[in-house]
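What the coordinates show
Chain residues, written in single-letter form:
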Amino acid sequence: MVVLSSEGDSKELLQAHVELLNQTYSFMKSVALAVALDLRIADAIHCCGGAATLSQILGEIGVSPCKLAGLRRLMRVLTVSGTFTIQPSSAETTSSESDGREPVYKLTTVSRLLVGSNSGDESSVTASLSPMLNHVLSPFRDSALSMGLTAWFWHDEDEQAPRPGPCPFTLMHGGTLWEVSGRDNAVNASVNNAMAADSHFLMQVVLKEFGDIFHGINSLVDVAGGLGGAAVAIAAAFPCLKCTVLELPHVVAKAPSISIGNVQFVAGDMFESIPLANAVFLKWIFHDWSDDECIKILKNCKQAIPSRDAGGKVIIIDIVIGSNSSDTKLLETQIICDLDIMKIGGVERDEQEWKKIFLEAGFKDYNIMSVLGLRSIIELYP
């Protein structure tokens with residue numbers, strides 16, 4: 001256990017956290033390369049003269065247009081890892097171009113080695129390393145690490161489908177991660193223990209360095225707060241603050257006994273309603289869900305809190321991609337985390353993507369503090 005004694009300790013711990021997660025999720029770069037080989041993305045760009053937009057790539061590889069956003073996220077990993085380049089470079093960390101034009105992806109020396117023998121370019125036949133890489137990366141194709149990501153890209157044949165169908169996890173397991181957790185005690189315990197460890201690590205930094213975000217609040221609901229780790233830490237730091245943990249019934253059933261009197265568990269569903277409070281707290285929740293689902297949760301948050309003048313706000317701790325674009329390892333980690341969370345139907349968002357769902361949910365203002373390394377604190381106001 002690490003006990004924080006100075007601001008320097010906090011910064012060092014947050015940097016160590018980024019390093020560990022970069023090492024943990026780096027396998028997604030191999031997964032991304034394996035998927036690129038399966039979809040023959042290098043061949044598709046080569047057939048377009050060595051440079052192509054996402055729409056052109058989709059047309060060449062024969063994947064449904066509803067997978068455009070998924071392909072963008074895959075290509076973002078492949079550009080950060082140097083397999084392809086993107087022009088203009090600013091598109092690498094944004095969801096769309098400000099002038100409405102699609103970014104163009106180009107072959108590099110690296111990706112030219114992926115161009116296959118049937119590309120029509122004799123010079124590429126002797127240089128192609130695709131057969132060797134397919135052999136080395138073959139274990140990923142049948143591994144839970146990739147979760148059938150290639151199959152997911154091929155799954156929607158309907159050209160008119162407005163959005164993708166079931167996520168890779170659902171296709172592989174026959175239900176969402178949360179549905180599987182509800183019926184599998186081992187999965188449920190693994191998820192809850194992981195989130196409890198994250199809360200124990202992160203909340204000591206949040207409360208020591210940025211506890212002001214909880215000042216002036218009399219009541220708080222920790223939405224999808226798991227076993228209550230974050231709520232207990234907040235309640236211990238602010239004894240006059242009444243904390244409620246809203247969780248699904250099967251999670252509440254496994255919750256430990258809480259000795260602190262100002263913490264209670266409530267079984268419920270954040271998609272249905274959220275208990276009334278001065279503030280709603282959501283740590284690492286929104287990245288699990290699509291935009292439409294996030295907007296539904298946010299609307300319920302808005303109904304649960306008073307006006308801004310009366311102290312109402314929503315406190316979010318989550319990744320904001322590009323929050324510190326000068327830190328290349330941090331940016332790479334955020335981007336490979338995004339491809340990983342895509343497997344369960346989630347998404348890591350940049351500021352413009354966050355702003356979009358905030359406005360659609362009816363909120364008027366927000367403040368992003370990029371102070372937690374990989375993640376940021378977002379204060380959202382009605």
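Residues numbered from 1 in each chain as written. Predicted model: local features only at pLDDT ≥ 70, side-chain atom pairs only at ≥ 80, totals over all residues. Heavy atoms only, no water.

On to the overall build of the chain. Counting its secondary structure elements, the chain contains 17 helices and 12 strands. On C-alpha atoms alone, the chain measures out to a radius of gyration of 22 Å, which is about the 21 Å that the 2.2 N^0.38 rule sets for 382 residues. Along the first, second and third principal axes, the C-alpha atoms of the chain reach 75 × 45 × 40 Å. When contacts within the chain are restricted to residue pairs at least 6 apart in sequence, those whose partners lie at least 24 apart make up 67%. Here the chain has roughly 17,100 Å² of accessible surface; of this, 53% comes from carbon and sulfur atoms. (Helix = DSSP H or I, 4+ residues; strand = E, 2+ residues; numbered from the N terminus. Rg over C-alpha atoms; globule rule 2.2 N^0.38 Å. Contact = heavy atoms within 4.5 Å. Areas by Shrake-Rupley, 256 points an atom, 1.4 Å probe, with all protein chains shown as cover.)

What follows is about the layout of surface pockets. Counted as a void, the second largest pocket has a volume near 1,000 Å³. As for the second largest pocket, its lining consists of 34 residues, of which R73, P164, S290, D291 and G345 are closest to the centre. Elements with a minimum of two residues in the lining of the second largest pocket: α5 (68-80), α10 (168-173), α15 (291-304), α16 (328-342) and α17 (351-360). If one sorts the elements of the lining of the second largest pocket by residue count, α5 sits on top with 5 residues. The residue makeup of the lining of the second largest pocket, split by class, is 13 nonpolar, 8 polar and 13 charged. (1 Å grid on protein atoms, 1.4 Å probe; cavity = no way out; pocket = protein on both sides within 12 Å on 5 of 7 lines; lining within 4 Å. Points joined across faces, edges and corners; volume = space filled by probe spheres on them. Nonpolar A, V, L, I, M, F, W, Y, C, P; charged D, E, K, R; others polar.)

With that settled, the discussion passes to the pattern of salt bridges. All chains considered together, the criterion is met by 14 salt bridges. For the salt bridge of K208 with E209, the shortest nitrogen-to-oxygen distance reads 3.0 Å. K208 sits in the partly exposed class, given a relative accessible area of 37%. Given a relative accessible area of 24%, E209 falls into the partly exposed group. As a salt-bridge pair, K343 and D340 come within 2.9 Å of each other at their nearest N and O atoms. (Salt bridge = Lys/Arg side-chain N within 4 Å of Asp/Glu carboxyl O. Buried < 20%, exposed > 50% of the residue type's maximum accessible area, 1.4 Å probe, protein only.)

The tally for this structure, following the rule as stated, stands at 0 disulfides. You can see C47 has no disulfide; the closest cysteine sulfur is in C48, sitting 6.8 Å from it. Exposure remark for C48: the relative accessible area of 28% places this residue in the partly exposed category. (Disulfide = S-S within 2.5 Å.)

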